[in-house]
Amino acid sequence: MASVDECRQALQDLAARLDRHADVQGRIDLDRTLACRITDLDTAFHGRLEGGRLVDLADGDDPKAKIALSTSSDDLVALVHGQLDIMKAVGARRVSIKANPLDLMKLRKLL
């Protein structure tokens, strides 16, 4: 099981990667609050997706987040490091993403 610090670092790595590629990918029109809930650690992080970037990442849950991702600590780390495919993880119910369908399509472009 990954630690809270490893999960926080994975999300910071994801934010840095999205930031590096945001201008290259073209701007993705997605401005939504995001919550990432780590089920096996009973912890959460929240932030905001803005123009293909993940910003304002902080500890704690945002129950009103427009996009909510729930997964285990190990699966989060594997997703961020490219060791787990997001579509296969969702299909296998290792990852749950709650968002409106249009947002899901835009998210897929980011991941």
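One can find the structure itself at the top, above this paragraph.
Computed from a prediction, not measured in an experiment: that's the story for all the values here.

(A) A look at the nonpolar core. Grouped together as the largest cluster of nonpolar side chains are 27 residues, with contacts concentrated most on Leu49, Leu54 and Leu76. Elements represented by at least two residues in this core include exactly helix 1 (4-25), strand 1 (31-38), strand 2 (43-50), strand 4 (67-71), helix 2 (73-80), helix 3 (86-91) and helix 4 (101-110). Per-element accounting of this core gives the leading share, six residues, to helix 1.

(B) Main features of the sheet that holds strand 4. Spatially, the five strands line up as an open sheet ordered 3-2-1-4-5, and their pairing is mixed. If you trace the sheet from one side to the other, it starts and ends with strand 3 (53-59) and strand 5 (95-98), each paired once. Geometrically, the sheet is characterised by an average inter-axis angle of 20° between neighbouring strands, direction not taken into account. Both strand 4 and strand 5 contribute to a ladder of four bridges, which runs antiparallel.

(C) Structural detail: helix 2. Most of helix 2 sits inside the fold, with seven of its eight residues counted as buried. Listing the buried residues of helix 2 in full gives Ser73, Asp75, Leu76, Val77, Ala78, Leu79 and Val80. Where helix 2 terminates, the next one or two residues include glycine 82, which has phi positive at roughly 75°.

(D) Focus on the pairing of strand 1. Here strand 1 pairs with strand 2 via eight bridges, running antiparallel. The residue bridging isoleucine 38 from the neighbouring strand is threonine 43, located in strand 2. Between the antiparallel neighbours strand 1 and strand 2 lie four residues, among them aspartate 42 with a positive phi of about 50°. Of the pairings in the sheet, the one linking strand 1 to strand 4 comprises five bridges and is parallel in character. Paired with alanine 35 across the two strands is alanine 68, which belongs to strand 4.

(E) Structural detail: helix 4. Here helix 4 has its buried residues at Asp103, Lys106, Leu107 and Leu110. Buried residues in helix 4, looked at end-on, bunch into an arc of 105°, giving them a common side. Opposite the packed face of helix 4, turned more than 90 degrees from it, sit the exposed residues Pro101, Met105, Arg108 and Lys109. Two to three positions downstream of the cap, the backbone nitrogen of leucine 102 sits 3.0 Å from a side-chain oxygen, assigning the N-cap of helix 4 to asparagine 100.

How each quantity is defined
Residues numbered from 1 in each chain as written. Predicted model: local features only at pLDDT ≥ 70, side-chain atom pairs only at ≥ 80, totals over all residues. Heavy atoms only, no water. Core = buried A, V, L, I, M, F, W, Y, C linked by side-chain atoms within 4.5 Å. Buried < 20%, exposed > 50% of the residue type's maximum accessible area, 1.4 Å probe, protein only. Helix = DSSP H or I, 4+ residues; strand = E, 2+ residues; numbered from the N terminus. Pairing = 2+ DSSP bridges. Axes fitted to C-alpha atoms, helices over the stretch in contact; angles between N-to-C directions. Arc of directions from axis to C-beta. Polar contact = N/O pair within 3.5 Å; in protein donor to acceptor, adjacent residues only side chain to side chain.

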